[in-house]
There are 2 protein chains.
Amino acid sequence: MRRNTIQRQLVYTAVQNSKSHPTADEIYNTIKESYPDISLATVYRNLNLLAQDSEIRKISVPDSADRFDHTVKPHYHIKCTCCGRFEDIVTRYMDQLDSAVAEDTSYLVESHDIVFQGLCPRCSRA
Amino acid sequence: MRRNTIQRQLVYTAVQNSKSHPTADEIYNTIKESYPDISLATVYRNLNLLAQDSEIRKISVPDSADRFDHTVKPHYHIKCTCCGRFEDIVTRYMDQLDSAVAEDTSYLVESHDIVFQGLCPRCSRA
DNA sequence: GTGGCTGCAAAATGTTTGCACGGAT
DNA sequence: ATCCGTGCAAACATTTTGCAGCCAC
């Protein structure tokens, strides 16, 4: 049975209100402004619980800390190899990849993540 | 100018000889058997240099340590969410995704990685 | 009242770095 | 002779965990 604590609500709200893709530490610092007693461990615990419950999404980013996304609907991401900027891609999720791979591998495929890498407009001008 | 040291050759060879997708620590332990003085820091340094030079590939794995791949040709991976098993997928690399995303985002897209997740045959039977 | 959740500190994990020395060029 | 790469240890970054008390149920 899962309890509905103040801390979990704060974590959830902070992720929802973030326009970008915050790291655990960014969430922690945001919440601390209004609720200075919260602990980083609690932030991590709740981010993981919320991700388990599919209320937020956990994204694994190459060469940096995990990020969290308020958008639960599957979608893709792009990372600038120069400045680290990290953004959504607005293409349609390709369900058919999952079924194709399921046939080829005899895995029970649940999902896939795509991370594109390249130079963002600003960095490519330099 | 890059020097050709024994240690770098050992790291390169260890990655090539590995059938799977070893972590830095696995490479380190393999090499230590024949060359006990090698340091983990040296293994990390050389793995990163080799990946920079595109002699091996570095793969970011959700919720676990980075892995290294002797296959330089771009291809996709799948991870079992239950036992952590990690394998190649033998589909064709979809170049057209990179150009499509380049058009949509005005990034200079270099590449993309896909990691599928699901249950491997063994785990799905349980 | 109970047991899941918290804060804190410590530990665990994964990776990088400062430094003096040694070896490849 | 140069100076890049090494081993070592320490630092660093990120995330998890043990524990005693607390609070939502």
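Residues numbered from 1 in each chain as written. Chains lettered and ligands numbered in written order. Predicted model: local features only at pLDDT ≥ 70, side-chain atom pairs only at ≥ 80, totals over all residues. Heavy atoms only, no water.

Engineer: Outline the protein's contact with DNA strand C, supporting the account with residue identities and numerical values.
Structural biologist: Around DNA strand C, 23 residues are found, and the nearest of them are A:Arg3, A:Gln7, A:Thr42, B:Arg3 and B:Tyr44. Measuring from a phosphate oxygen of DNA strand C, one finds a backbone N or O atom of A:Ser39 at 3.2 Å. At 3.1 Å from a phosphate oxygen of DNA strand C is found a side-chain nitrogen or oxygen belonging to B:Asp66. Among the elements of the structure, helix 1 (6–17) and helix 3 (40–52) of chain A together with helix 3 (40–52) of chain B are those that each provide at least two residues to the surface near DNA strand C. For the surface near DNA strand C, the element with the highest residue contribution is helix 3 of chain B, accounting for 5 residues. Of the residues contributing to the surface near DNA strand C, the split by class is 8 nonpolar, 7 polar and 8 charged. (Near = heavy atom within 4 Å. Polar contact = N/O pair within 3.5 Å; in protein donor to acceptor, adjacent residues only side chain to side chain. Helix = DSSP H or I, 4+ residues; strand = E, 2+ residues; numbered from the N terminus. Nonpolar A, V, L, I, M, F, W, Y, C, P; charged D, E, K, R; others polar.)

Engineer: Talk me through the protein's contact with DNA strand D; I want residue IDs and the actual numbers.
Structural biologist: Around DNA strand D, a shell composed of 23 residues is seen, among which A:Tyr44, B:Arg3, B:Thr5, B:Gln7 and B:Thr42 lie nearest. Counted by atom, the contact set of DNA strand D within 4 Å of the protein is 65% sugar and phosphate. Interatomic distance of 3.0 Å between a side-chain N/O atom of A:Arg3 and a base oxygen of DNA strand D. The separation between a phosphate oxygen of DNA strand D and a polar side-chain atom of A:Tyr44 is 2.5 Å. Mapped by element, the contributors of at least two residues to the surface near DNA strand D are helix 3 of chain A together with helix 1 (6–17) and helix 3 of chain B. Sort the elements by how many residues they give to the surface near DNA strand D and helix 3 of chain A lands first, with 5 residues.

Engineer: Summarise the domain arrangement of chain A; cite the residues concerned and give the values.
Structural biologist: Frequently, the measure chosen for interface size is the accessible area removed from exposure when the parts meet. All names here are of chain A. Domain parsing of chain A yields domain 1 (6–69) and domain 2 (76–120). The interface of domain 1 with domain 2 comprises 10 residues on the first partner and 8 residues on the second. Together domain 1 and domain 2 conceal approximately 670 Å² of surface at their shared face, both sides included; 55% is due to carbon and sulfur atoms. Broken down residue by residue, the surface that domain 1 buries against domain 2 is led by His-21, Arg-57 and Pro-62, which jointly contribute 55%. Taken together, domain 1 and domain 2 are joined by 1 salt bridge. A salt bridge links Arg-57 to Asp-113; the shortest N-O distance between them is 3.6 Å. (Domains from an automatic or database assignment. Contact = heavy atoms within 4.5 Å. Buried area = accessible area lost by both parts, 1.4 Å probe. Salt bridge = Lys/Arg side-chain N within 4 Å of Asp/Glu carboxyl O.)

Engineer: Could you give an account of the environment of B:Gly118, naming the residues involved and the relevant values?
Structural biologist: One can find B:Gly118 in strand 5 (residues 108–119). A C-alpha to C-alpha distance of 44 Å links B:Gly118 and B:Met1, two positions 117 residues apart in sequence.

Engineer: Requested: an account of the packing of helix 1 of chain A against helix 3 of chain A, with residues and values cited.
Structural biologist: Residues and elements named next belong to chain A. Running from N to C, helix 1 and helix 3 point in directions that differ by 70°, and their axes come no closer than 9 Å. Between helix 1 and helix 3, the crossing angle belongs to the class labelled roughly perpendicular. Where helix 1 approaches helix 3, its residues Gln-7, Arg-8, Val-11, Tyr-12 and Val-15 are matched on the opposing element by Thr-42, Val-43, Asn-46, Leu-47, Leu-49 and Leu-50. By residue class, the composition of the contact of helix 1 with helix 3 is 7 nonpolar, 3 polar and 1 charged. (Axes fitted to C-alpha atoms, helices over the stretch in contact; angles between N-to-C directions. Parallel < 35°, antiparallel > 145°, perpendicular 65-115°, else oblique.)

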